[in-house]
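The chain contents come next:
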Amino acid sequence: MLDILIVMNNYFHDVATATLIAAAAIMWTLERQALRGAPEDLATLTRAYPTLSRFANAALVWVILGGIPRVITFNSHDLGAIRGDLIPAIAVKHVVEVAAVVLGVLLWRRVRNRIQASGEGIRA
């Protein structure tokens, strides 16, 4: 039973990573449209910001908390560790993921500042 829970945690950890990146991609797209488009495009960005922020925050929490048991059980439950040939790929993956999180934080701050400067205000 514990093995199933560990594998499910690893799966949901990957889903949370994908959710985090997808939320950032949607936010970036909406921001680009707001910069180029009509005033209603900024209103769309303003409306989407709280929801996308909740998704991103929940995903980031899951990535961090779900990563703890994943690290602890890495040698016994991750295929790359078992086979021993994916360690370089996993290292590169983590560098890319950390860069994505840092860029995502910068994006969120920029969008929040843009919304606040527009006078729209962020609706909860």
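Structure's up top.
Model, not experiment: these values are computed from the prediction. (Residues numbered from 1 in each chain as written. Predicted model: local features only at pLDDT ≥ 70, side-chain atom pairs only at ≥ 80, totals over all residues. Heavy atoms only, no water.)

**Let's talk about the pattern of salt bridges**
Across all of its chains, the model carries three salt bridges by this definition. Here R70 ties to D14 by a salt bridge, and the two come within 2.6 Å at their closest N and O atoms. Highlighted residues: R70 in helix α2 (residues 39-72) and D14 in helix α1 (residues 2-36), separated in sequence by 56 residues. For R70, a relative accessible area of 12% puts it in the buried group. As a salt-bridge pair, E31 and R110 come within 2.6 Å of each other at their nearest N and O atoms. Within this pair, whereas E31 is found in helix α1, its partner R110 is found in helix α5 (residues 87-118), the two being separated by 79 residues in sequence. Of the residues examined, E31 reaches a relative accessible area of 2% and is grouped as buried. According to the relative accessible area criterion, R110 is partly exposed, its value standing at 40%. Beyond isolated ion pairs, a larger network of salt bridges with shared partners links E31, R110 and R114. (Salt bridge = Lys/Arg side-chain N within 4 Å of Asp/Glu carboxyl O. Helix = DSSP H or I, 4+ residues; strand = E, 2+ residues; numbered from the N terminus. Buried < 20%, exposed > 50% of the residue type's maximum accessible area, 1.4 Å probe, protein only.)

**Some points on α2**
Between the first and last C-alpha of α2 there are 49 Å, a value that for 34 residues agrees with the 50 Å anticipated at 1.5 Å per step. Residue Y49 marks the point of greatest curvature in α2, where the axis turns by about 35°; the proline P50 follows within four residues. (Expected span 1.5 Å × (residues − 1). Bend = angle between axes of the 7 residues up to and from the residue.)

**Structural notes on a nonpolar patch on the surface**
Taken together, the side chains of M1, L2, I4, L5, M8, Y11, F12, V15 and W62 present a nonpolar region at the surface, about 960 Å² in accessible area. No other element matches α1, which puts seven residues into the nonpolar patch. Its location among the elements puts W62 in helix α2. Given a relative accessible area of 39%, W62 falls into the partly exposed group. (Patch = residues over 30% accessible without salt bridge, like charges linked within 9 Å, V, L, I, M, F, W, Y side chains within 5 Å. Areas by Shrake-Rupley, 256 points an atom, 1.4 Å probe, with all protein chains shown as cover.)

**Quick look at the environment of S53**
Tracing the backbone through its elements, the reader meets S53 in helix α2. For S53, a relative accessible area of 11% gives the class buried. Engagement of the side chain of S53 in a polar contact is seen with the backbone oxygen of Y49, the distance being 2.7 Å. (Polar contact = N/O pair within 3.5 Å; in protein donor to acceptor, adjacent residues only side chain to side chain.)

**Quick word on the environment of G66**
In this structure, G66 sits in helix α2. With a relative accessible area of 4%, G66 lands in the buried category. Once the C-alpha coordinates of G66 and D14 are considered, the two residues, 52 residues apart in sequence, prove to be 9.3 Å apart. Dropping the residues within four chain positions of it, G66 is found in contact with N9, H13 and V61. (Contact = heavy atoms within 4.5 Å.)

**Remarks on the nonpolar core**
Formed by 19 residues in total, the largest nonpolar core has its most connected members in M27, L45, Y49, L52, L107, W108 and V111. Top element by residues in this core is α2. It accounts for eight residues. Among all residues touching V111, those that are not within four sequence positions of it are M27, E31, L45 and Y49. (Core = buried A, V, L, I, M, F, W, Y, C linked by side-chain atoms within 4.5 Å.)

All quantities given are derived from atomic positions and should not be read as evidence of function.
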